[in-house]
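# An overview of the molecular structure
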Amino acid sequence: MKKNKSTNNSNKRTKELLQIKEFVNLIKDADITELLWEKNGTKISFKRGVPDLDEEKKLAQKGPSEVLSETSPPHLKTEEEGSQRIEGESLRFPERYTTIKSRMVGTFYDSLSEDQPPLVKVKDVIKPGQKICVIEAMKIMREISADKGGKIVKILVENGHPVEYGQDMFLIDPYHEQEEASRTPRKKTH
Amino acid sequence: MFKKILIANRGEIALRIIRACREMGIKTVAVHSQADNDSLHVKFADESVCIGPGPSDESYLNIPNIISAAEITGADAIHPGYGFLAENTYFAEVCESCNITFIGPSKEVILKMGDKCKARNTMEKAGVPIIPGSRGTISKIDDAVKLARKFKYPVVVKASAGGGGKGMRIVQNEEGLKNAVTICQSEAKAAFGKEEVYLEKYIPEPRHVEFQILGDRKGNIIYLPERDCSIQRRHQKLIEESPSPAVNSKLRRKMGHAAVKAAKAVNYTTVGTIEFLLDDNGDFYFMEMNTRIQVEHPVSELVSGIDLVKMQIRLAAGEKLNLDQDKIKICGNVIECRINAEDPDRDFLPSSGTISNYIVPGGPGVRVDTSIYPGYSIPPFYDSMIAKLIVIGDNRQEAIARMERALGEFVIEGIRTTIPFHAKVMADEYFRRGEVNTNFIQERIFKQG
């Protein structure tokens with residue numbers, strides 16, 4: 001395993017993040033589905049095919065025996081858990097990706113009106129509170145604001161299509177800036 | 001006829017409606033909370049829409065999301081089932097304004113029957129017997145004494161602002177009445193800030209006997225054989241049967257006609273239920289009307305051979321009632337036990353969890369309406385009823401024997417259920433003789449220990 005020491009970024013968080021990235025790459029390349037790493041009281045567990053970041057953290061806190069016995073039943077997920085199970089999408093997105101979900105039932109529109117351009121596009125960097133789409137419910141058009149910021153990786157609903165409560169609408173990369181920073185030095189190591 | 005019906009409910013009733021729709025060639029839309037992602041009504045419907053998180057007030061009671069779900073799926077009618085929005089006038093109104101048929105009565109009818117005082121007045125005007133009582137509040141003791149003589153003792157003094165048995169006094173004679181009025185007034189003032197009390201005739205140990213009625217838009221209304229729902233715990237029905245052991249054909253006709261009169265008084269155009277209290281003398285009194293399909297509707301379906309849910313859908317679509325009162329028959333004796341996820345040994349404490357082992361009873365004359373399955377986790381947000389076990393026999397003895405047999409076959413493991421409690425009731429000699437009233441559980445089952 002190559003240690004990514006080339007980064008001079010003193011930001012601890014970024015360091016940790018890079019370390020986690022290494023683990024993710026390791027899992028990706030090796031033909032394993034699970035990895036448990038423990039050092040100085042910090043436990044990190046990775047599992048492929050269970051794309052729930054917070055769930056992973058919780059499992060890691062429980063200890064290895066419980067992690068191994070976890071059989072991933074079809075369980076309930078609340079908004080806060082930040083599920084990354086994206087309907088109709090294969091799960092090849094990095095673990096850090098998150099989604100903006102619909103909090104209501106209605107019809108999804110990407111612009112304020114037909115003759116206007118979409119409110120946001122893929123690769124746009126959005127801020128929390130920014131208008132991102134319109135949902136029509138009971139003949140009323142409601143402008144929907146982002147509840148989190150980041151770079152839009154993918155828009156998961158087609159214009160004019162229905163959305164249900166809790167449905168993923170936007171795939172968001174919340175750490176796009178850090179990623180940009182980390183990409184440059186990493187190129188040098190390869 | 002409707003092309004697509006959205007079912008604004010969950011559990012066994014949602015499944016029951018989906019089944020009726022499938023047989024009628026009507027497409028279905030299930031709405032569900034996030035806690036019900038894996039429920040059968042979602043699996044069996046043609047389409048499903050998640051309308052909110054687990055708690056009912058954010059999902060099954062979320063009118064905007066339910067209406068939106070109907071709009072995005074193109075449903076032309078909404079069936080509310082029972083509970084949740086079934087008797088919500090605002091919901092019925094919103095459906096109407098969105099051009100979606102609400103499968104149930106109009107908002108005016110729900111309003112008229114939902115208010116107990118209004119309903120009582122309507123019934124009195126229509127000539128339906130109501131429990132004799134003072135029309136308004138009583139201020140003078142002399143008035144109370146006069147009324148009580150007219151009603152005959154025992155009578156009950158109730159606080160106008162009270163409810164659920166609070167501020168209530170049952171009195172047997174004039175002496176008691178004078179005291180009760182004074183005490184009730186001061187108690188009512190202390191508890192509710194108003195000292196207004198009223199007087200009603202007290203019906204000791206009544207039976208709860210109700211009539212299923214069906215009406216169409218042409219003004220045709222019929223009744224089905226009664227359901228005896230006397231076996232209750234804290235005003236929650238546990239066991240229902242039809243016909244009632246206390247009702248003969250003459251009384252059935254008399255009560256049935258009163259039920260039809262009650263329904264006609266509000267121009268009732270769908271399925272509904274008129275509830276009566278029946279005393280030992282065969283006198284009966286209007287209690288309330290339920291303007292929806294009821295939990296215990298399968299009892300009437302088995303006893304009459306009529307599919308009430310299909311009828312309800314047809315009537316909502318404007319079809320004529322094609323049933324003749326004279327042709328309504330009693331096909332046998334029917335008993336229903338409501339199986340709840342409750343621990344009867346721990347004061348019926350709700351018992352949630354995952355169903356590990358599950359065996360459904362079957363064989364002749366057995367029907368089970370449920371939405372549980374092995375591996376199903378009971379969410380903590382909703383009603384504890386998980387199944388209805390209904391049997392029909394050639395006579396009451398056979399129905400009881402069949403129910404005992406079916407309860408014995410029924411295996412639900414992983415949670416506690418009321419199955420053993422029902423077995424105890426079936427074995428009770430008073431129950432077997434048909435001697436039950438609304439105090440039965442308290443007097444017979446609990447006191448036995």
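Conventions used here
- Along every chain, residues carry numbers that run from 1 in the direction the sequence is written.
- Note on labels: chains are lettered from A, ligands numbered from 1, in written order.
- Selection of residues for local features in this predicted model requires a pLDDT of at least 70, selection of side-chain atom pairs for listing and counting requires 80 or more, and totals for whole chains, interfaces and linings are taken over all residues.
- Elements are defined by DSSP. Helices are runs of H or I of four residues or more, strands are runs of E of two residues or more, and each kind is numbered from the N terminus.
- Only the C-alpha atoms count toward the radius of gyration. The rule for a globule is 2.2 Å times the residue count to the power 0.38.
- Contacts are defined on C-beta atoms placed from the backbone: any two residues whose C-beta positions lie within 7 Å are in contact.
- Partly exposed residues are those whose C-beta has more than 12 but fewer than 20 other C-beta atoms within 10 Å; 20 or more makes a residue buried and 12 or fewer makes it exposed, with C-beta atoms placed from the backbone.
- Two strands qualify as a pair provided that DSSP identifies no fewer than 2 bridges between them.
- Throughout, an axis means a line fitted to C-alpha atoms (over the contacting stretch in the case of helices), and angles, computed between N-to-C directions, take values from 0 to 180 degrees.
- Angle categories: roughly parallel below 35 degrees, roughly antiparallel above 145, roughly perpendicular from 65 to 115, and oblique for all the rest.
- Here a crossing is called left-handed whenever its near helix is offset anticlockwise from the far helix by less than a right angle, and right-handed whenever the offset is clockwise.
- Gly is placed with the polar residues, together with every amino acid not listed as nonpolar (Ala, Val, Leu, Ile, Met, Phe, Trp, Tyr, Cys and Pro) or charged (Asp, Glu, Lys and Arg).
- The source of the domain bounds is an automatic or database domain assignment.
- On a range of 0 to 100, pLDDT expresses the predictor's confidence in each residue.
- The arc in question is the one traced by the directions running from the helix axis out to the C-beta atoms.

### Let's talk about the overall build of chain B
Scanning chain B from terminus to terminus reveals 15 helices and 21 strands. Taking 22 Å as the expected radius of gyration for a compact globule of 449 residues, we find that chain B reaches 23 Å, a close match to that expectation. Along the longest, intermediate and shortest principal axes, the C-alpha atoms of chain B span 65 × 50 × 50 Å. Taking contacts inside chain B between residues at least 6 apart in sequence as the whole, the part at least 24 apart equals 64%.

### Here we look at the overall build of chain A
Helices and strands together make up the secondary structure of chain A, namely four helices and ten strands. In sequence order, the secondary structure elements of chain A are arranged as α-β-β-α-α-β-β-β-β-β-β-β-β-α. Burial status across chain A gives 22% buried among its 190 residues. Contacts spanning at least 24 positions in sequence make up 56% of the contacts within chain A whose residues lie at least 6 apart.

### Describing the sheet that holds strand β4 (residues 77–79) of chain B
Residues and elements named next belong to chain B. Within the open sheet, the five strands sit side by side as β3-β2-β1-β4-β5. Their pairing is parallel. The sheet is open, and its two edges are formed by β3 (47–52) and β5 (101–102), each paired on a single side. Both strand β1 (residues 4–7) and strand β2 (residues 27–33) contribute to a ladder of four bridges, which runs parallel. In the sheet register, K4 faces β2, and the bridge partner there is K27. The sheet contacts of helix α3 (residues 63–73) involve β1, β2, β3 and β4, and relative to β3 the element is tilted by about 155°.

### A look at the packing of helix α7 (residues 141–151) of chain B against helix α8 (residues 174–192) of chain B
All names here are of chain B. Put simply, α7 and α8 touch, their axes get as near as 10 Å, and they point 140° apart. On the basis of the axis angle, α7 is oblique to α8. Regarding α7 and α8, the two cross each other, and that crossing is right-handed. Between α7 and α8, the residues in contact are I141, A144, V145 and A148 and E174, L177, K178 and V181, respectively. Of the residues in the contact of α7 with α8, the class split is six nonpolar, no polar and two charged.

### A look at the interface of chain A and chain B
Taken together, the contact between chain A and chain B spans 13 residues of the former and 17 residues of the latter. For the side of chain A that touches chain B, the per-class residue count stands at eight nonpolar, four polar and one charged.

### Looking at the pairing of strand β4 (residues 106–109) of chain A
Residues and elements named next belong to chain A. Inspection of the sheet shows β4 paired to strand β9 (residues 162–163) by two bridges, in the antiparallel sense. Considered in β9, the bridge of G106 is made with V163. By the bridge criterion, three bridges tie β4 to strand β6 (residues 131–137) in an arrangement that is antiparallel. Considered in β6, the bridge of F108 is made with I135.

### Digging into the domain arrangement of chain B
Residues and elements named next belong to chain B. If you check the domain split of chain B, you get domain 1 (4–103), domain 2 (141–201) and domain 3 (207–448). Distance between the C-alpha centres of domain 1 and domain 3: 24 Å. The interface is formed by 25 residues belonging to domain 1 together with 21 residues belonging to domain 3. Contributing elements (two or more residues each) for the side of domain 1 that touches domain 3: α1 (11–24) and α2 (40–44). The biggest single contributor to the side of domain 1 that touches domain 3 is α1, with seven residues. Broken down by class, the residue content of the side of domain 1 that touches domain 3 amounts to twelve nonpolar, eight polar and five charged.

### Side note on unusual backbone geometry
Residues and elements named next belong to chain B. Residue P154 is reached from Y153 by a cis peptide bond, and omega for that bond is -5°. Looking at the element boundaries, P154 is found in the loop between α7 and β6 (155–159). Of the consecutive residues S242 and P243, the connecting peptide bond is found in the cis state with omega at -5°. Tracing the chain through its elements places P243 in the loop between β12 (236–242) and α9 (249–265). Although it is not a glycine, N99 sits at a positive phi angle of roughly 60°. For N99, the position within the fold is in the loop between α4 (89–97) and β5.

### A word on the pairing of strand β10 (residues 168–173) of chain A
Residue and element names in this part refer to chain A. With respect to burial, β10 is a largely interior element, six of its six residues being buried. In terms of strand pairing, strand β3 (residues 98–101) meets β10 through four bridges, oriented antiparallel. In the sheet register, K101 faces β10, and the bridge partner there is D168.

### Thoughts on the environment of M141 of chain A
Residue and element names in this part refer to chain A. Counting through the fold element by element, M141 comes out in strand β7 (residues 140–145). Separated by 34 residues in sequence, M141 and T107 have C-alpha atoms that sit 9.1 Å apart. Beyond its immediate stretch of four places on either side in the chain, M141 contacts V134 and E136.

### Some thoughts on the sheet that holds β9 of chain A
Across a sheet, strands are paired by hydrogen bonds formed along the backbone, either parallel or antiparallel in direction. Spatial ordering of the open sheet is given by β7-β6-β4-β9 (chain A), a layout of four strands whose pairing is antiparallel. The open sheet has two free edges, formed respectively by β7 and β9 of chain A, since each of these has just one partner strand. Where β6 of chain A meets β7 of chain A, six bridges bridge the pair, whose relative direction is antiparallel. Along β7 of chain A, the bridge assignment pairs K131 of chain A with S145 of chain A. Packing against the sheet, α3 of chain B makes contact with β4, β6 and β9 of chain A, and its axis sits at approximately 70° to β4 of chain A.

### Here we look at the confidence of the model for chain B
Low-pLDDT stretches of the model should not have their predicted coordinates read in fine detail. Summarising the model, chain B shows a mean pLDDT of 94, and 98% of its residues fall at 70 or more. Across the assembled chains, the prediction reports ipTM 0.77 with pTM 0.80.

### Concerning the packing of α1 of chain B against helix α11 (residues 308–316) of chain B
Two numbers describe a pair of packed helices, the interaxial angle and the distance between the axes. Residue and element names in this part refer to chain B. The interhelical angle for the contact between α1 and α11, taken along N-to-C directions, is 65°, at an axis separation of 9 Å. Relative to α11, the element α1 is oriented roughly perpendicular. Both α1 and α11 take part in a crossing whose hand is right-handed. From α1, R16, I17, A20 and M24 reach across to α11, where they touch V309, K310 and I313. Looking at the contact of α1 with α11 residue by residue, the classes come out as five nonpolar, no polar and two charged.

### Comments concerning helix α5 (residues 107–114) of chain B
Along an α-helix, residues three or four positions apart point the same way, because every turn accommodates 3.6 residues. Burial in α5 of chain B covers these residues: V109, I110, K112 and M113 of chain B. Buried residues of α5 of chain B, seen end-on, are gathered within an arc of 165° and therefore sit on one face of the element.

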